[in-house]
Amino acid sequence: MIPITLPLLSVLSFLHFISAEYQQSLAFTDILPEDVKRYDKMRPPKKDGQPTTVFFHVTVMGLDSIDENSMTYVADVFFAQTWKDHRLRLPENMTTEYRLLEVDWLKNMWRPDSFFKNAKSVTFQTMTIPNHYMWLYKDKTILYMVKLTLKLSCIMNFAIYPHDTQECKLQMESLSHTTDDMVFQWDPETPLVVEENIELPQVALIKNKTADCTQVYSTGNFTCLEVVFTLKRRLVYYIFNTYIPTCMIVIMSWVSFWIKPEAAPARVTLGVTSLLTLSTQHAKSQSGLPPVSYLKAVDAFMSVCTVFVFMALMEYCLINIILNDTPIPKPIAYPPKPELSKDPPPPKLDVKKEEQKIEKIFDEMTKSRRVGHQSFRQRSVMEHSDGPWIPRTESRIILTPTIAPPPPPPPAPEPPKLTPQQEKLRRAIYVDRTSRVLFPLLFALLNISYWIVFFEYL
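All values reported here derive from a predicted model rather than from experimental measurement.

### Some details on the confidence of the model for the protein
Caution applies to low-pLDDT regions: their predicted coordinates should not be interpreted in detail. In the predicted model, the protein carries a mean pLDDT of 83, and 78% of its residues have values of at least 70. Low confidence marks residues 1-23, where pLDDT is under 50. Its contacts with residues over four positions away, or in another chain, come to one contact. Predicted confidence for residues 393-399 stays below pLDDT 50, and this span has five contacts to residues more than four positions away or in other chains.

### Details of unusual backbone geometry
Residues apart from glycine generally show negative phi values, whereas peptide bonds are mostly found in trans. A cis amide bond, omega -10°, links M127 with the succeeding residue T128. Within the fold, T128 resides in the loop between β5 (119-124) and β6 (132-137). With omega at 5°, the peptide bond leading from Y161 into P162 counts as cis. Topologically, P162 is positioned in the loop between β7 (141-153) and β8 (165-174). The phi torsion at S65 lies on the positive side, around 55°, for a residue other than glycine.

### Things to note about the pairing of β7
A large share of β7 lies buried, amounting to eleven of its 13 residues. For strand β2 (residues 72-84) and β7, the ladder comprises 13 bridges, and the chain directions are antiparallel. In the strand pairing of β7, T72 is matched with S153. With five bridges joining them, β5 and β7 adopt antiparallel strand pairing. The residue of β7 that forms the bridge with A119 is L152. Sheet topology note: the β6/β7 ladder contains five bridges and is antiparallel. Along β7, the bridge assignment pairs M134 with Y144. The antiparallel hairpin formed by β6 and β7 contains three residues in its connecting segment, where K140 sits at a positive phi of about 65°.

### As for the sheet that holds β8
In space, the four strands of this open sheet follow the order β4-β8-β14-β11, with antiparallel pairing throughout. Looking at which strands have only one partner, the edges of the open sheet turn out to be β4 (114-116) and β11 (203-212). Adjacent strand axes in the sheet meet at a mean angle of 20° when their direction is disregarded. For β4 and β8, the ladder comprises three bridges, and the chain directions are antiparallel. Bridge pairing in β8 places S114 opposite S174.

Procedures and definitions
Residues numbered from 1 in each chain as written. Predicted model: local features only at pLDDT ≥ 70, side-chain atom pairs only at ≥ 80, totals over all residues. Heavy atoms only, no water. pLDDT = per-residue confidence, 0-100. Contact = heavy atoms within 4.5 Å. Helix = DSSP H or I, 4+ residues; strand = E, 2+ residues; numbered from the N terminus. Buried < 20%, exposed > 50% of the residue type's maximum accessible area, 1.4 Å probe, protein only. Pairing = 2+ DSSP bridges. Axes fitted to C-alpha atoms, helices over the stretch in contact; angles between N-to-C directions.

Spelled out as C-alpha cells, the structure:
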C-alpha cells in the first residue's frame with residue numbers, strides 16, 4: 001500500500017508546482033526597470049549614442065482591387081517590427097525562448113512610430129480576435145506583428161496604355177524620429193514574402209523587391225523603407241475587346257467602295273454608322289482611366305482608325321463632287337447591227353475541178369470532130385492567112401464559168417464617244433476602285449508599324 005502511495009503523491013506535488021507556476025500572472029511592472037522614472041516611453045532605446053535599429057518584415061497575402069481611375073490598389077499584409085529595448089527587465093522564471101505579452105502594454109512602452117506613407121486607408125482585422133500580438137525574447141528583443149488591409153495609392157503612367165508596366169509601392173516611414181534617433185532596416189534573413197498564388201484579372205505580378213526610400217525634409221532625414229510591386233498589364237483582354245472590334249469597324253466602312261455611286265442613302269448610312277460605332281468603342285476603352293492630359297497608345301490607335309472611317313465617308317463626298325450632283329445618265333441605246341441574210345450561202349466552187357471537167361469535155365469533142373472535119377480545117381487554114389484557129393483556147397474562155405469574188409465584210413462601227421455625264425461616272429468608278437486598294441494597304445501599314453513599335457512591351 002505504501003510503495004504505491006509515495007510515487008502518486010510525488011506526481012501530484014509536481015503537477016501542483018507546475019500549475020502554480022503557470023497560474024502566476026505577469027504584470028507590466030515586472031518588465032520595467034526597478035526605477036520606473038528612468039524609463040521614458042517617448043525616447044527610443046539608444047545604446048552608446050547609436051540610433052535604434054528597427055527591423056521590418058512584410059508578408060503579402062493578397063493584392064486586388066487595382067483601380068486605374070483612382071490610382072489605388074488594396075493589399076493584405078502581415079506587418080512585423082523587431083527592435084531591442086535594453087532598458088526592460090526579463091520576467092522571473094522565464095524558461096522559454098520568448099514570452100507572449102499583452103498588446104495593450106504598447107501604450108506604455110516605446111514603440112516605433114512607423115506609418116504607411118502612401119496609404120489611403122488602413123483596416124485593422126478583428127475577426128475572430130484582434131489580429132496582432134507581441135513577443136519578448138530573452139535578449140530583450142520585442143517583436144510586434146499585426147495583420148492589416150491597406151488601400152494604397154499608386155502613381156501610374158498611361159502613356160503606352162494598354163502596353164504599360166506599373167510600379168506600385170508600399171512605403172513605411174518614421175513619423176517623428178529622424179535618422180539620428182531611429183533607423184529602419186529590412187530583416188536580414190527574410191525581409192519580404194509574397195504569396196505565390198496571387199492572380200489579378202488584368203495585370204500580372206512579375207516582380208517584387210525591397211528598397212530604401214529615406215528622404216530629406218526641412219526638419220531632417222526621416223528613415224523609410226518600401227516594397228515595390230511590378231505589375232504588367234495583360235494584353236489579351238484588350239486585343240479581343242478593343243483592337244479586333246475596332247479593326248472590324250474600319251473594314252466594315254470600306255464596304256461602301258463596292259456600292260454603286262448612285263446609292264447615296266446606303267453609302268452615307270454605312271459611313272455614319274461606322275463613325276458613331278467607333279466613337280462609342282473609343283469611349284468604352286477610356287471608361288476605366290482617369291482623364292489624363294497626354295496621348296495614350298490606345299488613343300493614337302483609335303484616333304487613326306477614326307480618321308480612316310472619316311476618310312471613307314469623305315471619299316463619297318469626293319465622288320459626289322466628281323458627279324457634280326447630276327443624275328446618272330442611262331446608257332445610250334445603239335442601233336442594232338445589220339443582220340446578214342438568213343439564206344444559206346452559195347456553195348463554193350472548186351475552180352481546179354471545174355477546169356479539169358471542162359478540159360475533159362473539150363478533148364472528147366475535139367476527138368469526135370477530128371476525123372470528119374479534117375478537110376474543112378485544111379481549107380480553113382488556107383483561107384485564113386492570120387493564123388490557125390485554135391478552138392480549144394476559145395472554148396475554154398467561153399465555157400469556163402465566171403466565179404465572182406466574195407463581197408468584202410462591212411466596216412466595223414466606230415465606238416461612240418462618251419457624253420460628259422458618262423465621263424464623270426467613269427471617273428467616279430475609278431476613284432472607288434482606287435480606294436478599294438489604297439485604304440486596306442494604308443491600314444495594313446498602320447497596324448504593322450503600331451505593333452512593331454510596341455513589340456518590346458509585349
